[in-house]
Amino acid sequence: MLSKILKNTFIGAIGACILSTSVLAADFPSKDIRLIVPWPAGGGADAISRKISNIAEQELPKSIYVENIGGAVTATGLMQMTRSRPDGHTVGVLTYDSVITLPRGKMVPGYSLEKMQPIARITREADAIVVSKHSGFNSFEELINAAKENPNSVRIGVAPKGSGPYLAVRRLEKQTGVTFNVITYPGSSSAEAEALLSGELDAAISSLGDFSGIIGSGDAKGVVELSIEQNPSFPSVPPVSTYGYHLETGSFILLAAPKNTPKESIAVLESAFKKAFESEEFQTWVATVGVTPSWLGSTDVQAWINDLQTSTFKVMDDLNL
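It should be emphasised that the depicted structure is a prediction, and the values quoted were computed from it without experimental measurement.

What counts, and at which threshold
Residues numbered from 1 in each chain as written. Predicted model: local features only at pLDDT ≥ 70, side-chain atom pairs only at ≥ 80, totals over all residues. Heavy atoms only, no water. Phe/Tyr/Trp six-rings, centres within 6.5 Å; stacked < 30°, edge-to-face > 60°. Helix = DSSP H or I, 4+ residues; strand = E, 2+ residues; numbered from the N terminus. Buried < 20%, exposed > 50% of the residue type's maximum accessible area, 1.4 Å probe, protein only. Lys NZ or Arg CZ within 6 Å of the ring centre and 35° of its normal. Pairing = 2+ DSSP bridges.

### Remarks on the packing of aromatic side chains
Tallied over the entire structure, the rule returns six aromatic pairs. An angle of 75° between the planes, with centres 6.2 Å apart, marks the rings of F140 and Y245 as edge-to-face. Of the two residues, F140 sits in helix α5 (residues 140-149) while Y245 sits in the loop between β8 (220-225) and β9 (250-258), which places them 105 residues apart along the sequence. Of the residues examined, F140 reaches a relative accessible area of 2% and is grouped as buried. For the pair F252 and W304, a centre-to-centre distance of 5.0 Å together with 90° between the ring planes defines the contact as edge-to-face. With a gap of 52 residues between them, F252 in strand β9 and W304 in helix α11 (residues 301-318) connect regions that are remote in the sequence. The buried category is assigned to W304, whose relative accessible area is 14%. By way of ring pairs, the aromatic residues F277, F282, W285 and W295 are connected into one cluster. A cation sits over an aromatic face here: R121 above W304, 4.7 Å from the ring centre.

In structure tokens form, the structure reads like this:
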């Protein structure tokens, strides 16, 4: 009799817990949603995250507020996200470093994509080479010729070892037969933009969107995009395939919640961000910063992440990185 009572009590407790979770999910969101951007404010990814969340919150009864938590190549902010209550009220923004650099290098103990539930992919953007007006370079050919004539003299800034831009510059050296003076900058692309402005760098690799401000002011110029397709937002910047090289690399913006977040809450978030993504306001704005809107919903984004890791890790193996 006692065992039966205990069994019924246990089953009742589980049922109450499930019911409680369902009720919480049905009431979602019951408070403002925290969107963790794991870089300092000011970069291109930060701007995209803020823009789409500002539009998405119009579809919700509560607000979405951005919190910048930089450090450890995005791990600091994202680990705070994974440690949050899995109820949908905390969301994190992921990009290349979050999906490739950290898992590949096993750089931060406790960091794992398995602790996250992907919600959607928002954008994809090719990397590009941007030159400072102080450099005297006006084209991709001039940049490569200078590096050939004087090896290790052309200063080019990229994100740290293992990042997409770092892989890009090493692959570019291999394909063109040149050697650059590669300087790495942790954090967002804003540090590279400042170095271009001051003349500390001759060139840098990141997306054209990340450098749109200094490109627009005339302090820098995009000379090539690491893609096989022409970017319609920057018609004067040719794809690298124009010069006979095959090199595609770039970043993206993903949204994720802590693992075990109720599927009902994920669905609400996905719907709000999809409507924001499809809005004329977002589509018009994203074109002005040179970023490609590229939606993948929660049912497809995990498979895309898996494929990306497989192909990128192979490139890293080939380069002994």
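### Focus: the pairing of strand β7 (residues 203-207)
Within β7, five of the five residues are buried, leaving the element largely enclosed by the surrounding structure. Here strand β4 (residues 116-132) pairs with β7 via five bridges, running antiparallel. Among the inter-strand pairings, V131 is bridged to a residue of β7, identified as A203. Of the pairings in the sheet, the one linking strand β5 (residues 155-158) to β7 comprises two bridges and is parallel in character. Paired with I156 across the two strands is A203, which belongs to β7.

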